[in-house]
Amino acid sequence: MFDNLAERLQATFARLTKKGKLDEKDVDQAMREIRLALLEADVNYKVVKDFVKETKERAVGENVMKSLTPGQMVVKIVREQLIDLMSDEDMGLKSAQKPPTVIMMCGLQGSGKTTHAAKLANLYRKKQRRPMLVACDVYRPAAIKQLQVVGEQVKTPVFERGSDADPVDIAKAAYAEAVRTAHDPLIIDTAGRLQIDEALMQELQRIKEAVPVTETLLVVDAMTGQEAVNVAKTFNDAVDLTGVVLSKLDGDARGGAALSVRAVTKKPIKLIGTGEKLDQLEEFHPDRLVNRILGMGDVLTLIEKAQSAVDQEKAKELEAKMRSQKYDLNDFWEQIKQMQNMGPLEDLIKLIPGLNPKQLAGVNIDEKQVKRLEAILSSMTDEERRKPDMITNSRRARIAKGSGNDPVMVNRLLKQFKDSKKLMKQMNRFTKGKKRLSSLFKNPFMK
């Protein structure tokens, strides 16, 4: 995500922060580099012009030039300006005063509209809501079936009336059904076109007149850059959008759409698609995205990923077992599975402050190794997993044969497990010792 832009900006800031003092010439040079980086990232020309002008005005101020670390002050200003460029007061998804909240998804064909309708339903389900999807795309072959398939995957009912029904009548009937069954929100998947036309816009307007739409969200493909911004502007002029959903942001190495769409349309980016899976949709936080671009990491997103992927009760049980040294191979495997739920390791690394993603490019959990590990653990008996010390040479040979592996692999797994237990034991002693020391040197005047 935004690799090219991030690389250029981080290189510019590295040169700036190395200098003890800055003059206006240094700032001019940095602004030229930032301007080129943004233009190469396919950011709208007028947006770049205004951004560089405002940033330079702040960066050559007296307070910056006289500060102890002027380079860092310039970086701080650029960060604040980038956040401001994408921020809006109405970035959160709104709820209707009287349920159900109606969310109309619109966009061109191929933008990922149907998939993102299901992703949004999944996002609401995680918040303990009862969404319902509505199939109002009656023109594209298999559009209803596609929505039913993804709806089933996210355990969300799909309201449909077949391909012969009028989309406006479908929307009205779906709203009545949602009121009757207490489903909230109601997410309407509308028809798309290969290009913008009058018939498409009129149909969207008719749906908005027929049911009380709270959110009109446009799904645009971030990888199309300025074209995505132009599409957003045209849709906004015709149907008055409340927000934008940027799909395929994970594949956008440039970032032009994300940095331009809010400035051009005056409508906020509300959601971002960060992958193909149905759980890869995030609420948009400009500050977190800017931190990633500038190499400052994104700890909050990392924490949220961990909280959504990890079973909290199981995590507590594992922690208690680790502390009491009752941790066994069953727990070891459970830990690996929970880590896998958080997504590819290379994506998680980019969220950690201070780590250079470029140096760690390509780092990932080897799926073959994980499957091999699973096969070894599956070939053990439950008793062997609970009591690894009972695994003798003959048992190792049996486990290796049953899993299609070499006994060396079984030995390696057992050694890694023993080493991790030793490390936990040492950490336990250290934390206990630390507590004893802190109690000895406690300041009686501190509460």
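Throughout what follows, the structure given in this document is the object of discussion. Everything numeric here is computed off the predicted structure, so don't read it as measured data.

## Some remarks on the side chain of threonine 114
As for its placement among the helices and strands, threonine 114 is situated in helix H6 (residues 113-126). According to the relative accessible area criterion, threonine 114 is buried, its value standing at 4%. Ignoring anything within four residues of it in the chain, the contact list for threonine 114 reads Arg140, Gln146, Leu147, Val150 and Asp189.

## Brief notes about the packing of helix H10 (residues 226-239) against helix H11 (residues 256-265)
Axis separation between H10 and H11 bottoms out at 8 Å; the angle between their running directions is 25°. Considered as vectors, H10 and H11 are oriented roughly parallel to each other. Relative to H11, the crossing made by H10 is right-handed. Contacts from Gln226, Ala228, Val229, Ala232, Lys233 and Asn236 in H10 reach Gly256, Ala257, Ser260, Val261, Val264 and Thr265 in H11. Per-class residue counts for the contact of H10 with H11 are six nonpolar, five polar and one charged.

## As for the sheet that holds strand E1 (residues 102-106)
Pairing in this open sheet of eight strands is mixed, and the strands run E3-E2-E4-E1-E5-E6-E7-E8 from one edge to the other. Both outer strands of the open sheet, strand E3 (158-159) and strand E8 (281-283), are each paired with one neighbouring strand and no more. Of the pairings in the sheet, the one linking strand E6 (residues 243-247) to strand E7 (residues 269-273) comprises three bridges and is parallel in character. Across the sheet, the residue bridging to valine 244 is isoleucine 269, located in E7. Helix H7 (residues 143-153) rests against strand E2 (132-135), E3 and strand E4 (186-189) of the sheet, and its axis sits at about 170° to E2.

## Details of unusual backbone geometry
Here the amide bond leading from proline 99 into proline 100 is cis, since omega sits at 5°, within 30 degrees of zero. Between aspartate 184 and proline 185 the backbone carries a cis peptide bond, its omega angle lying at 5°. Its identity as a non-glycine residue notwithstanding, lysine 266 has a phi of 65°, on the positive side. Residue position: lysine 266 is located in the loop between H11 and E7. Given a relative accessible area of 56%, lysine 266 falls into the exposed group.

Basis of the calculations
Residues numbered from 1 in each chain as written. Predicted model: local features only at pLDDT ≥ 70, side-chain atom pairs only at ≥ 80, totals over all residues. Heavy atoms only, no water. Helix = DSSP H or I, 4+ residues; strand = E, 2+ residues; numbered from the N terminus. Buried < 20%, exposed > 50% of the residue type's maximum accessible area, 1.4 Å probe, protein only. Contact = heavy atoms within 4.5 Å. Axes fitted to C-alpha atoms, helices over the stretch in contact; angles between N-to-C directions. Parallel < 35°, antiparallel > 145°, perpendicular 65-115°, else oblique. Left-handed = near helix turned anticlockwise from the far one by under 90°. Nonpolar A, V, L, I, M, F, W, Y, C, P; charged D, E, K, R; others polar. Pairing = 2+ DSSP bridges.

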